[in-house]
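A structural walkthrough
For reference, the chains in residue letters:
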Amino acid sequence: SLSTRHCPWKMNQLPPKSAVASPVSESTNSRVEALDNLSMDSFWLEVENIKQSAEAEQEECSLADVKTQEEGEAEAEWLQDAGLSELLGDPASDKDNLVLLSTLTRTQAAAVQRRLDTYSRSRRRKNRHPVRDVRDVFGVVGPEDTAAEKEEPSPDPLWHNLRTSNSQRKTQDYSCTVRNPGKEEVFNMDVAYSEQAAVLLKGSFLSESRKLKDGNALTRFKIPKGRLGVTRIGDLSAQDMKKIPTLALIELTALCDILGFELKRNKTAKLKTTEKRLFGVPLNTLLENDQKLLPNTKVPLLLQALLSCLEKRGLETEGILRVSGSQTRIKSLEQKLERDFYSGLFRWDEVHQNDVSGLLKRFIRELPAPLLTAEYLPAFAAVQNIPDLKQRLQALNLLILILPEPNRNTLKALLEFLSKVVARENNNKMNLWNVSTVMAPNLFMHKGLPSKIPEGKEKQLAEGAADVVRMMIHYQDLLWTVSSFLVAQVRKLNESNSKRYQFCDKRIKNLLRKIHADKDKVEKNQGEPSKIVKVHASLLLKDSLEVHLNNATRVADVLRQFQKNLCQNGWNIVNTVNLLKCNNSMECTNLLLYEVGGNIGEHCLDPDTYLLDLYHINPHAEWIIKQNPSYPRMF
């Protein structure tokens, strides 16, 4: 029976705090019951295939087992990963990271303060050198503060209120499997998710549990476009994207705090080296080798080849991904690929598509560290425990942003392929749930993280993992969006590099007062009704375009104006090769407008961005028209 199965894989939960243990447990059970009508046979069949493959090769763990951390260790690691190691008294840390504190929302500041307080208490118990207090970092400590230091820090008011609110809601119905299936709901990315959750706690969850029957029943979400448009992963420069994971980690922690969950992370471990060149090789190493052949490679060439082969010959195959190829043939093909892939001698047309799908899953499983990373695999698995669908997606969105770029790009390539498989369901008989149940073991089982599942929890955890994979496939466009509030925080970080705030406040939440005051001043100066600016296109033209901005001017309007002037006014074109199309008219989709400099590195703008609003946010930026990189190059 399912209840007595034992699987050599680790699916960590995000254990709910006692204050909300009962509602969350009820919600999880409710969602599991809603999934009862969906077959898990494919999941357990895939588990057995993986076990047989591992036993046949007597594979060893490539990662160290997760060790229990001492009190304060997790908080110290968190503060370091959040870019706040200066608060730990690290003299070698980059003090510029402290400007992060100037960007925090109230809930984010409470999350930082809570972990700093926990770490400080653990240090005092161990009689170590005292940790640096926030007051020491940002201002002079007065006599009254010195006396207060000897006492246990008072609980943060925000955290206390949230905890009390959670405790009072033990009998509240938290179940929200699917709300308004088939209908469209708003997914707000302008306000920090943790701030939205805090507001919900003051009211009530208006939720309605529905049965999940198929992918079409999933709620559709729409991201409302504000005046500044929507930013996708890839629209920001590499320099700015490096700031996003730190901000996303702080926000995810704040969200979990408010929902009453403890964010569990595994400790990273050293990877064993391998003599292989393809299978069992770290993503970074694979990409370094691939980039020597093809610069700017974002996804391993082997994975690209596997996906391309399946897209050409496997999408119509009934049971693709579910029907396993021969383990003997797959092992033989792996050896041939190791030998012949880079030389171009491997014959893809001679390989059966089921064997190719087996190679694809093997490639994912053989990575020395899980694709979702050893550190955050528990958090991905635990998303199932969040009762509200929208909040599950908020957590997933933040986890995607936290992933290292190679993992994120590789995961996106895989999910895009899985979407294509689902789109051919009528022919291949693989619907969204079928694909999710087959791929979940390959993403959540890892030989380097062995553990026994608690008795009686196998079915619940398995279905939860499959549900997380289903959400990643179905909502991938939403999940690969950078929230507006995070972009705003990146802008604030960039501004703070040239402007330092002199803080003298006693607690982190008070550090925000001057920031908000400055923000109000900026907003008061944003009443300018119009502006004339220059838009450059140096790679295309010697001249610049003068644009008159008003409240209705969008990026798409500027690109159309550029197209019109280019075709009618005979501008000095730097190079006309492939530039003019469709009877001497240029397609606007061939061009993009970028915001460069000021408080942003480089930002590819949404066509629906209102430029006067953007000018007020970043008046010192240049606007440059470039060719869409997804189109053939002009030169």
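Residues numbered from 1 in each chain as written. Predicted model: local features only at pLDDT ≥ 70, side-chain atom pairs only at ≥ 80, totals over all residues. Heavy atoms only, no water.

- The name an unreviewed UniProt entry gives the protein is RHG40 protein, with Callaeas wilsoni as the organism.
- Listed under Function (unreviewed entry) in UniProt, the entry text for the protein is "GTPase activator for the Rho-type GTPases by converting them to an inactive GDP-bound state." (UniProt positions renumbered as here; feature names shortened; annotations may be inferred.)

1. Digging into the packing of helix 12 (residues 301-313) against helix 17 (residues 405-423)
- Running from N to C, helix 12 and helix 17 point in directions that differ by 5°, and their axes come no closer than 11 Å. Relative to helix 17, the element helix 12 lies roughly parallel. Listed contacts from helix 17 to L303, L307, L310 and E311 of helix 12 are T410, A413, L414, F417 and K420.
- Its residues assigned to classes, the contact of helix 12 with helix 17 shows 6 nonpolar, 1 polar and 2 charged. (Axes fitted to C-alpha atoms, helices over the stretch in contact; angles between N-to-C directions. Helix = DSSP H or I, 4+ residues; strand = E, 2+ residues; numbered from the N terminus. Parallel < 35°, antiparallel > 145°, perpendicular 65-115°, else oblique. Contact = heavy atoms within 4.5 Å. Nonpolar A, V, L, I, M, F, W, Y, C, P; charged D, E, K, R; others polar.)

2. Topic: the sheet that holds strand 6 (residues 545-549)
- An order of 6-5-9-7-8 is seen for the 5 strands of this open sheet, with the pairing classed as mixed. At either margin of the open sheet sits one strand with a lone partner, and together these are strand 6 and strand 8 (600-604). Adjacent strand axes in the sheet meet at a mean angle of 30°, parallel and antiparallel pairs treated alike.
- Sheet topology note: the strand 7 (residues 591-597)/strand 9 (residues 622-627) ladder contains 6 bridges and is antiparallel. For Y594, the partnering residue across the bridge sits in strand 9 and is I624. (Pairing = 2+ DSSP bridges.)

3. A closer look at the pattern of salt bridges
- As enumerated under the stated definition, the model contains 27 salt bridges in all.
- Between R347 and D349 there is a salt bridge, with the nearest N and O atoms lying 3.3 Å from each other.
- For D349, a relative accessible area of 53% puts it in the exposed group.
- With a closest N to O distance of 3.8 Å, D557 and R554 form a salt bridge. (Salt bridge = Lys/Arg side-chain N within 4 Å of Asp/Glu carboxyl O. Buried < 20%, exposed > 50% of the residue type's maximum accessible area, 1.4 Å probe, protein only.)

4. Examining the nonpolar core
- L321, F380, F444 and M472 are the most contacted members of the largest nonpolar core, which totals 132 residues.
- It is helix 10 (residues 244-259) that contributes the most residues to this core, 10 residues altogether.
- Once residues within four sequence positions are removed from consideration, L321 is found in contact with E46, S357, L360, K361, F417, L418, V421, M430, V435, V438 and M439.
- One finds V533, V547, W623 and I625 within the second-largest nonpolar core, a separate group that totals 21 residues. (Core = buried A, V, L, I, M, F, W, Y, C linked by side-chain atoms within 4.5 Å.)

5. Section: helix 19 (residues 432-444)
- Here helix 19 is 13 residues long and its end C-alpha atoms lie 18 Å apart, about the 18 Å a rise of 1.5 Å per residue gives.
- V438 marks where helix 19 bends most, by close to 30°; the proline P441 follows one to four residues later.
- Measuring from the side-chain oxygen of the N-cap residue of helix 19 to the backbone nitrogen of W433 gives 3.1 Å; that N-cap residue is N431. (Expected span 1.5 Å × (residues − 1). Bend = angle between axes of the 7 residues up to and from the residue. Polar contact = N/O pair within 3.5 Å; in protein donor to acceptor, adjacent residues only side chain to side chain.)

6. Some remarks on the environment of V547
- By the secondary structure assignment, V547 is in strand 6.
- Here V547 is in contact with K531, I532, V533, V535, V558 and Q561, once residues within four sequence places are set aside.

7. Quick word on the layout of surface pockets
- If you add up the space inside the second largest pocket, you get close to 1100 Å³.
- If you go around the second largest pocket, you meet 33 residues; those closest to its centre are R232, I233, G234, D235 and L236.
- Those elements that place two or more of their residues in the lining of the second largest pocket are helix 9 (238-241), helix 17, strand 7 and strand 8.
- The leading source of residues in the lining of the second largest pocket is helix 17, at 5 residues.
- Among the residues making up the lining of the second largest pocket, the classes are represented as 16 nonpolar, 6 polar and 11 charged.
- Looking at which domains feed residues into the lining of the second largest pocket, each of domain 1 (283-449 + 459-485) and domain 2 (528-634) gives three or more. (1 Å grid on protein atoms, 1.4 Å probe; cavity = no way out; pocket = protein on both sides within 12 Å on 5 of 7 lines; lining within 4 Å. Points joined across faces, edges and corners; volume = space filled by probe spheres on them. Domains from an automatic or database assignment.)

8. A few points about the confidence of the model for the protein
- Residues with a pLDDT of 70 or more make up 66% of the protein, whose mean pLDDT is 76.
- Throughout residues 32-36 the model reports pLDDT below 50, and contacts reaching past four residues in sequence, or to other chains, amount to 14 contacts.
- Long-range and interchain partners of residues 134-178, a stretch whose pLDDT sits below 50, account for 103 contacts in this model, where long-range means more than four residues apart. (pLDDT = per-residue confidence, 0-100.)

9. Focus: the environment of E195
- With respect to the helices and strands, E195 occurs in helix 8 (residues 193-202).
- Once residues lying within four places of it in the same chain are set aside, the contact partners of E195 are T105, R106 and T107.
- Among the polar contacts made by the side chain of E195, one reaches the side chain of T105 at a distance of 3.3 Å.
- A distance of 3.0 Å separates the side chain of E195 from the side chain of T107, its partner in a polar contact.

10. Quick word on the packing of helix 14 (residues 353-366) against helix 19
- It is at 8 Å that the axes of helix 14 and helix 19 come closest, and there the two elements cross at 30°. Compared by their axis directions, helix 14 and helix 19 come out roughly parallel. Contacts between helix 14 and helix 19 involve K361, I364 and R365 from the first element and V438, M439, N442 and L443 from the second.
- Among the residues making up the contact of helix 14 with helix 19, the classes are represented as 4 nonpolar, 1 polar and 2 charged.

11. Description of the pairing of strand 7
- In terms of burial, strand 7 is largely enclosed, as 6 of its 7 residues are buried.
- Bridge analysis of strand 7 against strand 8 gives 4 bridges, and the strand direction is antiparallel. Paired with E595 across the strands is H603, a residue of strand 8.
- Following strand 7, the chain reverses through 2 residues before pairing antiparallel with strand 8; G598 in that reversal takes a positive phi of roughly 75°.

12. With respect to unusual backbone geometry
- Unusually for a residue other than glycine, N296 sits at a positive phi of about 70°.
- Given a relative accessible area of 66%, N296 falls into the exposed group.
- Although it is not a glycine, T373 sits at a positive phi angle of roughly 75°.
- Relative to the assigned elements, T373 resides in the loop between helix 14 and helix 15 (377-382).

13. Some details on empty space enclosed by the protein
- Counted by the stated rule, this structure contains 6 cavities of 30 Å³ or more.
- Put simply, the largest cavity is a space of about 90 Å³.
- Lining of the largest cavity is provided by E46, N49, I50, S53, S324, Q327, I330, G358, K361, R362 and R365.
- Listing elements by their share of the lining of the largest cavity, those giving two or more residues are helix 2 (41-57), helix 13 (327-340) and helix 14.
- Counted by class, the lining of the largest cavity contains 2 nonpolar, 5 polar and 4 charged residues.

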